[in-house]
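The primary structure of each chain is shown beneath.
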Amino acid sequence: YGFLQFFRVISAHFDHLVIVLDDLQWTDAMSIELLDGIIGDKDIRTMFIGIYRSNEVDEAHYLSKTIRDLHAAKEKGGFEVTEISVGNLDVSVCEEILISLLSVDPSPASSRLAEICHKRTDGNVFHLLSYLTMLQEENLLQFHLGMFKWTWNCDRIEEETAASSNVVDLILAKIAKQPQEMKYFLQLVSCLGSSFEKDVVLCALPQMRDSTACEFDMNELEDEVDELISLAIHERFLESQSDLRFCWVHDSIQEAALKQRFSESEIDTFKFKLGNALLQSLTEEDVENNLFDIVNLLTSIDECPEEDRATLLGLCLKAAKKSTELTSFDSCVIYAERGISLLPVEKWTQEREVSLELYSLITEAYLSIVNAEKMKVYADEVLQQSSLSELEKVRVHICNISLYAGVMNKAREALDMSIDVLRKLGCKFPKNKLLQARLAVSSVLGAKLPSEKDIAALSPMEDETRKACMEIMVNAATFSHHCNNIPAFIALNSRMAQWTMKYGVDVYSAPAFALFGMVKKSMSYKTAALYADRGFQLLDMCKEGKRTESRVTYISWFQIYPFSKPIHSTLKHLLRGYKVGMEVGDVESAMWNVSQYMCNSIVAGKALKPLAVDCVTYIEQMQMLKADFTYHMSLPFAQGVLNMIGDAEDPLKLSGSAMVEEDFLAMIESSGGQFWSSLHLQIFKSMMCSFFGDFENGAKLALERGDVYEKKNGSPLAMTDTLHQGVSFYAMARKTKEKRYIKAAKKVKNKVVTWVKKGNVNAVHYLSFFEAEEAALEGKAESATELYPKAIISAARSGFQHDAALVSERYAEYLLHDLKENDSAGQYFQDSIQYYQGWGSDYKAEMLRKKYSYLWPDEIPKDITVNA
């Protein structure tokens, strides 16, 4: 995401930015994924030229798949993909290059020289230039000062270079003419990869000469190495990257330097010897810095000597761990497999701990690169070992659970698997929903809020089995929420809170308390907020607290605090939760934070135009990071905002630049029919109906759906949903006098009464508004004309400019149609227009202007806004 932002900024300042990426055949999966994200970003106006060797990229390569995907997506993505196959040069082109380089006219001599060059180099550009350089150095191609032109003898060239059929052979011939010290130096550094550091050579050289470092004067040795490097640069074998780091001019030179004097088996032996030399001579810190190169050298031989096996096994394990830390999961697989190949036949008895760690690492790596088939092979190997305890198998169990939850999107199955693993670990938890419900009820009724002093007195949780159970339970609670199993959600969070108070503080204690606060919210907003407070207290007490800070933040500042604190205050905290999540790698929680930030911004009435930019930005990020659950949930947020701005052909339909309603339904159906995504679509459809005046359909949708969102989730979106349900119900009740609408309207109002009594400061103006609507419904004009202005002032003073606009509009409708007070109605329509403009919904303001402009003689200036 950081790279995407960087490229967006750069491309905004350069109209013609061209980026060339060479040697893509060597790239890894994550780099390809980043490149794919940059190319697919419409805000990045950049031309990418990617160069790769097609003979090293087969159909299964990451790059091949990406190229196919780009071709499939280019029309929708608005970019072009052009493939140019650059083969070797033919004889005629070789002659053109020679004519240009040598400044000669075409002739039979130039044609014959071109034929020789093509024969020796097969038309490879780099090899051609290297061959010409060699001809000049061998005086086979000379500049004649007397004739002031280049001269050559084709017969002599063909005779003296006949033994060289390709440039590697030519480079070998060139190296063969170097001093012995240079030949040995080139062979040594060729084993260190495409680049190397001088200090590494200084450490390895004495060991490779079968001498000890003390026999060398280090100053003399350094002078010698400097001379060798200078000569290699002069001969165009190497080039400098910095004062201490150097690289090969071309990998063909590295290949030639490696192959001189040795057969393949001798090269492997030489590499192994060099790896040991580095291991013995480098400091522990330098070994760590050069770990991958050393392991690559030591694993070059087919059979590792028994006396070196344990050392190499440990290094492979270190390399696999380090690769995981660097999120290079492909490399982790390579090093873990090398380590596994070094294990004895009876590995689970002779090398139990190392075997378990290697198998766990490779299982996690294959999960990360979404290779379920390979992951299962290694996971099954671990799970079949009767000698391992269930605690030792936990990491593999978690991989299997994550495969179902994340990759396969089967939250219900993941929950069942989690419960099975908990039982194996000795933590009994029911699978039956009825038993889960009983446990949930008893847990909630028996729960007692601990004091700050009680929390402060807790010590860290020590038992490893319980810590493993805490991790599984916190994830199982998430799965239960995703599959709408509320009893399991309550019971799991209650269990984690109880364990914290009984057994001590774990890294997952803080989110457990925050989640249990969600459960308590149905009883008391104040108690729920206190549980969230205890969660943050536990977060501060835990050394690894930052790992779960993002999760605690979105739970507390989205699900709990908005019901007892001003919702505007939640936005900065949710953005911080996003920032922390991205910093520590908790991408899932980070995406939840920005999803909830979008939701709370809608409820709070944040200015629509900057909010629309935020929505598009964060939704693109969710898609790029494959956060499918939050991505699907958030799409209706974004399109709802765009509809209110006017970015939709039909304002009542959630179809525009963010999503197309039919495509969205098909997408969530193909991903398992996500409950919350579908519900958000329904909510925003009914909101659009009430917002744009289609009260009949708004009421119909609200009646069909009921208050399931408030019952199942109780998030701040339930507030806005309730407000718009009430608008449609009261509008239809006043219009038709039908009992179903009157009953529904009063039910909505009673819900808001309960909220306000429990301390919801964000719903106070809702109550005044619904009281005004009820008075209007019952024909109590005097009460209605007092309550509507009260609701408008309450909304505006609390910062809910969008709600003030809606209430002003409804009051104006009442004055116009029920009381026939055209002048007063016109004034409140003007107020409504100004509030809508201030919020950013010029589209809605213009709709009202066109419909009711006859009520006032002078046009309202379009740039007027009300300072709420």
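Residues numbered from 1 in each chain as written. Predicted model: local features only at pLDDT ≥ 70, side-chain atom pairs only at ≥ 80, totals over all residues. Heavy atoms only, no water.

A. Seen up close, the overall build of the chain. Within the chain, the secondary structure is distributed over 44 helices and seven strands. Taken over the C-alpha atoms alone, the chain extends approximately 115 × 70 × 45 Å along its principal axes. Counting every position in the chain, which comprises 868 residues, the buried fraction comes to 51%. A separation threshold of at least 6 residues defines the contact pool for the chain, and within that pool the share at least 24 residues apart is 66%. As displayed, the chain has an accessible area near 40700 Å², and 52% of this comes from carbon and sulfur atoms. Between the centroid of the 92 positive side chains of the chain and the centroid of its 123 negative side chains there is a distance of 13 Å. (Helix = DSSP H or I, 4+ residues; strand = E, 2+ residues; numbered from the N terminus. Buried < 20%, exposed > 50% of the residue type's maximum accessible area, 1.4 Å probe, protein only. Contact = heavy atoms within 4.5 Å. Areas by Shrake-Rupley, 256 points an atom, 1.4 Å probe, with all protein chains shown as cover. Lys, Arg positive; Asp, Glu negative; His and termini not counted. Charge placed at Lys NZ, Arg CZ, Asp CG, Glu CD.)

B. Expanded view of the packing of aromatic side chains. If you walk through the whole model with that rule in mind, you get 30 aromatic pairs. Both rings, one in Tyr-366 and one in Tyr-378, keep their centres 6.0 Å apart while their planes meet at 15°; by these two values the pair is stacked. With Tyr-366 in helix α19 (residues 352–368) and Tyr-378 in helix α20 (residues 372–383), this pair connects stretches of sequence that are twelve residues apart. When its relative accessible area of 6% is taken as the criterion, Tyr-366 is described as buried. Residue classification places Tyr-378 among the buried residues on the basis of a relative accessible area of 14%. Measuring from ring centre to ring centre gives 5.7 Å for Trp-592 and Phe-629, while their planes differ by 40°; the resulting arrangement is tilted. Within this pair, whereas Trp-592 is found in helix α31 (residues 587–604), its partner Phe-629 is found in helix α33 (residues 628–645), the two being separated by 37 residues in sequence. The class of Trp-592 is buried, set by a relative accessible area of 7%. (Phe/Tyr/Trp six-rings, centres within 6.5 Å; stacked < 30°, edge-to-face > 60°.)

C. Summary view of the pattern of salt bridges. On inspection of all chains with the given rule, the structure shows 38 salt bridges. Across the pair Glu-773 and Arg-810 runs a salt bridge whose closest N-O atoms are separated by 3.4 Å. Of the two residues, Glu-773 sits in helix α40 (residues 764–777) while Arg-810 sits in helix α42 (residues 801–817), which places them 37 residues apart along the sequence. The class for Glu-773 is buried, based on a relative accessible area of 0%. Put simply, Glu-137, Lys-174, Glu-235 and Arg-236 are held in one network by salt bridges that share partners. (Salt bridge = Lys/Arg side-chain N within 4 Å of Asp/Glu carboxyl O.)

D. View of the nonpolar core. Grouped together as the largest cluster of nonpolar side chains are 162 residues, with contacts concentrated most on Met-473, Phe-684 and Tyr-788. The element that contributes the greatest number of residues to this core is α31, accounting for ten residues. Beyond its immediate chain neighbours, meaning those up to four positions away, Tyr-788 contacts Arg-734, Phe-769, Ala-772, Glu-773, Ala-776, Val-807, Tyr-811 and Tyr-814. (Core = buried A, V, L, I, M, F, W, Y, C linked by side-chain atoms within 4.5 Å.)

E. Molecular detail of the side chain of Gln-725. Its place among the elements puts Gln-725 in helix α38 (residues 717–736). Its relative accessible area of 6% is what places Gln-725 among the buried residues. Discounting chain neighbours no more than four positions away, the residues touching Gln-725 are Ala-702, Arg-705, Gly-706 and Val-748.

F. Focus on the state of the cysteines. Enumeration over the complete set of coordinates arrives at zero disulfides. Cys-247 takes part in no disulfide bond, and the closest cysteine sulfur, belonging to Cys-191, lies 17 Å away. (Disulfide = S-S within 2.5 Å.)

G. Local environment of the packing of helix α25 (residues 464–482) against helix α26 (residues 486–503). Two numbers describe how α25 lies on α26: the axes approach to 8 Å, and their chain directions differ by 155°. The angle between α25 and α26 falls in the class roughly antiparallel. Note on packing geometry: the crossing formed by α25 with α26 is left-handed. Across the interface between the two elements, Arg-466, Cys-469, Met-470, Met-473, Val-474, Ala-476, Ala-477, Ser-480 and His-481 from α25 touch Ala-488, Phe-489, Leu-492, Asn-493, Arg-495, Met-496, Trp-499, Thr-500 and Tyr-503 from α26. Of the residues contributing to the contact of α25 with α26, the split by class is twelve nonpolar, four polar and two charged. (Axes fitted to C-alpha atoms, helices over the stretch in contact; angles between N-to-C directions. Parallel < 35°, antiparallel > 145°, perpendicular 65-115°, else oblique. Left-handed = near helix turned anticlockwise from the far one by under 90°. Nonpolar A, V, L, I, M, F, W, Y, C, P; charged D, E, K, R; others polar.)

H. Looking closely at the confidence of the model for the chain. In the predicted model, the chain carries a mean pLDDT of 87, and 95% of its residues have values of at least 70. pLDDT under 50 marks residues 861–868. Its contacts with residues more than four places away, or in other chains, come to 14 contacts. (pLDDT = per-residue confidence, 0-100.)

I. Quick peek at the sheet that holds strand β5 (residues 195–197). Pairing within the open sheet is antiparallel, and its three strands lie in the order β5-β7-β6. Bordering the open sheet on either side are β5 and β6 (238–240), each of which pairs with just one other strand. Each strand of the sheet is rotated relative to its neighbour by a mean of 30°, with strand direction disregarded. Set on the sheet, helix α9 (residues 180–190) makes contact with β5, β6 and β7 (245–248); between it and β7 the angle comes to about 90°. (Pairing = 2+ DSSP bridges.)

J. Quick peek at helix α4 (residues 91–102). With twelve residues, α4 should reach 16 Å at 1.5 Å per residue; the first-to-last C-alpha distance of 16 Å fits that figure. Considered for burial, the residues of α4 that qualify are Cys-94, Glu-95, Leu-98, Ile-99 and Leu-102. Burial along α4 is one-sided: seen end-on, the buried residues are contained in an arc of 140°. Summarising the geometry of α4, the exposed residues directed more than 90 degrees from the buried face are Glu-96 and Ser-100. Residues of α4 that are buried in the fold lie against α5 (108–121), α6 (125–137), β3 (141–144) and β4 (149–152). Just downstream of α4, Ser-103 is the residue with a positive phi angle, here 55°. (Expected span 1.5 Å × (residues − 1). Arc of directions from axis to C-beta.)

K. Inspection of the side chain of Arg-534 at higher detail. Counting through the fold element by element, Arg-534 comes out in helix α28 (residues 525–541). One buried charged residue, Arg-534, remains without a salt bridge, the closest side chain of opposite sign being Glu-452 at 4.0 Å. When sequence neighbours within four positions are dropped, the list of residues in contact with Arg-534 reads Leu-449, Pro-450, Ser-451, Glu-452, Ile-455 and Phe-513.

L. View of unusual backbone geometry. Unlike most non-glycine residues, Ser-103 shows phi in positive territory, near 55°. You can see Ser-103 is positioned in the loop between α4 and α5. With a relative accessible area of 65%, Ser-103 lands in the exposed category. With a phi close to 60°, Asp-122 is a non-glycine residue in the positive phi region. If you trace the backbone, Asp-122 turns up in the loop between α5 and α6. Judged by its relative accessible area of 51%, Asp-122 is exposed.

M. Structural view of empty space enclosed by the protein. Tallying each qualifying case throughout the model produces five cavities of 30 Å³ or more. What the second largest cavity holds in volume is close to 80 Å³. If you trace the second largest cavity, you find it lined by Ile-602, Met-644, Met-687, Phe-691, Thr-720, His-724, His-802, Asp-803, Leu-806 and Trp-839. Those elements that place two or more of their residues in the lining of the second largest cavity are α35 (675–691), α38 and α42. Counted by class, the lining of the second largest cavity contains six nonpolar, three polar and one charged residues. (1 Å grid on protein atoms, 1.4 Å probe; cavity = no way out; pocket = protein on both sides within 12 Å on 5 of 7 lines; lining within 4 Å. Points joined across faces, edges and corners; volume = space filled by probe spheres on them.)

N. Structural context of the pairing of β7. Bridge analysis of β5 against β7 gives three bridges, and the strand direction is antiparallel. Of the residues in β7, the one forming a bridge with Phe-196 is Phe-246. Here β6 runs beside β7; their pairing, made up of three bridges, is antiparallel. When the sheet's bridge partners are listed, Ser-240 is paired in β7 with Phe-246.

O. Representation of α33 in the model. The end-to-end C-alpha separation of α33 is 26 Å, in line with the 26 Å expected for 18 residues at 1.5 Å each. In α33, a bend of some 30° at Ser-634 exceeds every other bend along the element, and Pro-636, a proline, comes one to four places later. With 16 of its 18 residues buried, α33 lies for the most part within the structure. Two residues or fewer after α33 comes Gly-646, characterised by a positive phi angle close to 115°. (Bend = angle between axes of the 7 residues up to and from the residue.)

P. Layout of a nonpolar patch on the surface. A cluster of nonpolar side chains, contributed by Val-18, Val-20, Met-47, Ile-49 and Ile-51, occupies part of the molecular surface with about 420 Å² of accessible area. Those elements giving two or more residues to the nonpolar patch turn out to be β1 (17–21) and β2 (46–50). Relative to the helices and strands, Val-18 resides in strand β1. (Patch = residues over 30% accessible without salt bridge, like charges linked within 9 Å, V, L, I, M, F, W, Y side chains within 5 Å.)

Q. Layout of the environment of Asp-43. Mapped onto the elements of the fold, Asp-43 is located in the loop between α2 (29–39) and β2. Residue class for Asp-43 comes out partly exposed when judged on its relative accessible area of 42%. In this structure the C-alpha to C-alpha distance between Asp-43 and Gly-585, which are 542 residues apart in sequence, comes to 25 Å. In this structure Asp-43 touches Arg-8, Ser-11 and Glu-620, once residues within four positions along its chain are discounted.

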